[in-house]
Amino acid sequence: STALFERTWRADQMGLDVEGLTGHVIVWGWSETSKRLLADLRAGGEGPSKRPVIVIYDSEEHNAAPYHKGVYFMARKESMAHTLEMAKVARSTIVVVVADDRYPAQDADARSILTVLAVEQLNAKVHTIVELMNEENAYHARNAGCDEVIVRGAYTETMLSQAVLQPGMSALFGALVGKEAQAAVRERTIRRAEAGRAFMELSAEIFARRQGVLLGYRRGGHVTLSPGATEKLCGGDRLIVLVTRQGEAARLR
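In this convention, every chain numbers its residues from 1, walking through the sequence in written order. A pLDDT threshold of at least 70 governs which residues receive local features in this predicted model, and a stricter bar of 80 or more applies before side-chain atom pairs are shown or counted, although totals over entire chains, interfaces and linings include all residues. Heavy atoms from the whole structure form the basis of all side-chain values; hydrogens and water molecules are not counted.

**Some points on the overall build of the protein chain**
Here is step 1: Of the regular secondary structure elements, the protein chain holds eight helices and 10 strands.
Here is step 2: Only protein chains enter the accessibility calculation, which uses a 1.4 Å probe; a residue is then buried when its area is under 20% of its type maximum, exposed when over 50%, and partly exposed in between. Sorting the 253 residues of the protein chain into buried and exposed places 42% on the buried side.
Here is step 3: For accessible areas, the Shrake-Rupley method is used with a probe of radius 1.4 Å. Any residue's cover is judged against the shown protein chains and nothing else. Accessible surface for the protein chain amounts to roughly 14,200 Å². Of this, 55% is attributable to carbon and sulfur atoms. Secondary structure counts use DSSP, requiring at least four H or I residues in a row for a helix and at least two E residues in a row for a strand, with both numbered from the N terminus.

**Considerations on the pattern of salt bridges**
Here is step 1: Here a salt bridge means any side-chain nitrogen of Lys or Arg lying within 4 Å of a carboxyl oxygen belonging to Asp or Glu. One pass over the structure, following the stated rule, counts 14 salt bridges.
Here is step 2: Measuring nitrogen to oxygen at the nearest pair gives 2.9 Å for the salt bridge that ties R188 to E194. By the burial criterion, R188 is buried, and E194 matches it.
Here is step 3: Ionic pairing is found between E194 and R191, a salt bridge with its closest N-O pair at 3.6 Å.
Here is step 4: With a relative accessible area of 4%, E194 lands in the buried category.

**Overview of the side chain of E120**
Here is step 1: Examined against the element boundaries, E120 turns out to sit in helix α4 (residues 105-122).
Here is step 2: We score Asp and Glu as negative and Lys and Arg as positive, and we do not count His or the chain ends. For the buried E120, no salt bridge is present, and the opposite-charge side chain at shortest range is K125, 12 Å distant.
Here is step 3: Contact between two residues is taken to exist if any of their heavy atoms lie within 4.5 Å; hydrogens are not considered. What E120 contacts, discounting residues up to four positions off in sequence, is V126, T128, A144, G145 and D147.

**Digging into the nonpolar core**
Here is step 1: Residues grouped as a nonpolar core are buried Ala, Val, Leu, Ile, Met, Phe, Trp, Tyr and Cys residues, joined through side-chain atoms within 4.5 Å. Within the largest apolar cluster, 27 residues are counted, with the highest numbers of intra-cluster contacts made by I54, V130 and V149.
Here is step 2: The element that contributes the greatest number of residues to this core is α4, accounting for four residues.
Here is step 3: If you look at the next biggest cluster of nonpolar residues, it comprises 15 residues, including L38, L41, V53 and V55.

**Some remarks on the pairing of strand β8 (residues 213-219)**
Here is step 1: Pairing between strands is defined by DSSP: at least two bridges between them are needed. Where β8 meets strand β10 (residues 238-244), five bridges bridge the pair, whose relative direction is antiparallel. Paired with Y217 across the bridge in β10 is L239.
Here is step 2: When β8 meets strand β9 (residues 222-225), the two strands line up antiparallel, connected through four bridges. Paired with Y217 across the bridge in β9 is T224.
Here is step 3: Here β8 folds back onto β9 in antiparallel fashion, the turn holding two residues, of which G220 has a positive phi close to 70 degrees.

**Examining the packing of aromatic side chains**
Here is step 1: To pair, rings of Phe, Tyr and Trp, with the six-membered ring standing in for Trp, must have centres within 6.5 Å; the planes then decide the type, stacked if under 30 degrees apart, edge-to-face if over 60, and tilted in the middle. Scanning the model with the defined rule gives one aromatic pair in all.
Here is step 2: Aromatic side chains W30 and F73 sit 5.4 Å apart centroid to centroid with 80 degrees between the ring planes, which places their arrangement in the edge-to-face category. On the criterion of sequence distance, the pair formed by W30 in the loop between β1 (25-28) and α2 (32-44) and F73 in strand β3 (residues 71-75) is long-range, its members being 43 residues apart.
Here is step 3: Classification of W30 as buried rests on a relative accessible area of 4%.
Here is step 4: As a reminder, the over-ring test applies to NZ of lysine and CZ of arginine, requiring each to be within 6 Å of the ring centre and within 35 degrees of the ring normal. Above the ring of Y103, the side-chain terminus of R111 is found at 3.8 Å from the ring centroid.

**A look at unusual backbone geometry**
Here is step 1: A positive phi angle is found at R210, which is not glycine, with a value near 60 degrees.
Here is step 2: Looking at where R210 falls in the secondary structure, it is placed in the loop between α8 (199-208) and β8.
Here is step 3: Backbone geometry at S226 places phi at a positive 50 degrees, although glycine is not the residue there.

The values are spatial; any link to function lies outside them.
The following block contains the structure:
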């Protein structure tokens with residue numbers, strides 16, 4: 001705890017650790033969701049997991065947080081804009097707004113959407129992700145400029161129905177997204193030598209190199225899973241690959 005509060009004080013009062021940050025991730029709010037997010041980022045091993053993270057917390061919601069290398073804890077100020085400026089939001093790449101469990105769902109979502117608005121006003125290019133409690137508020141979050149909306153519990157019903165229709169399916173979900181996940185879905189930009197090749201051909205090559213299983217691709221804002229075997233991939237596509245967390249799979253960039 002001494003190390004944690006010393007680090008918090010340095011980031012909050014002196015600004016020594018955060019002053020030179022760029023390309024970092026900002027997490028607005030401290031909750032069980034935030035704890036899991038930090039654990040997953042530090043276990044990811046590539047992409048955003050390599051970037052420094054600033055966690056902005058309210059003094060009333062903060063408790064003994066685990067110490068992570070490259071994670072900075074910053075106390076929230078009275079002014080939302082001032083807090084974001086101190087966290088160097090203008091130089092950040094991703095901002096995650098976590099739902100505040102201390103408030104009713106509608107109030108928590110309203111606060112989150114206001115935070116998104118403040119972030120977008122200070123850095124319109126940053127990628128914003130918000131956790132909402134009520135799916136009906138997703139429309140307002142997107143109107144505020146949010147890039148991705150995650151509704152808490154949105155997939156619970158689907159997982160339950162799949163478990164009923166196909167008993168044992170929950171174990172598969174757990175292997176993919178559970179705390180002890182054995183694999184993860186990653187995206188990477190298609191390489192120049194891979195563009196123009198058939199999906200099945202490239203899929204076999206990636207599998208043979210033990211770099212994972214090619215699931216599909218993202219082109220613009222549209223995701224295509226399991227396309228036709230002869231469908232050609234294009235430059236600029238984002239490959240979607242299922243990789244194991246063990247060292248067998250090559251690290252994707």
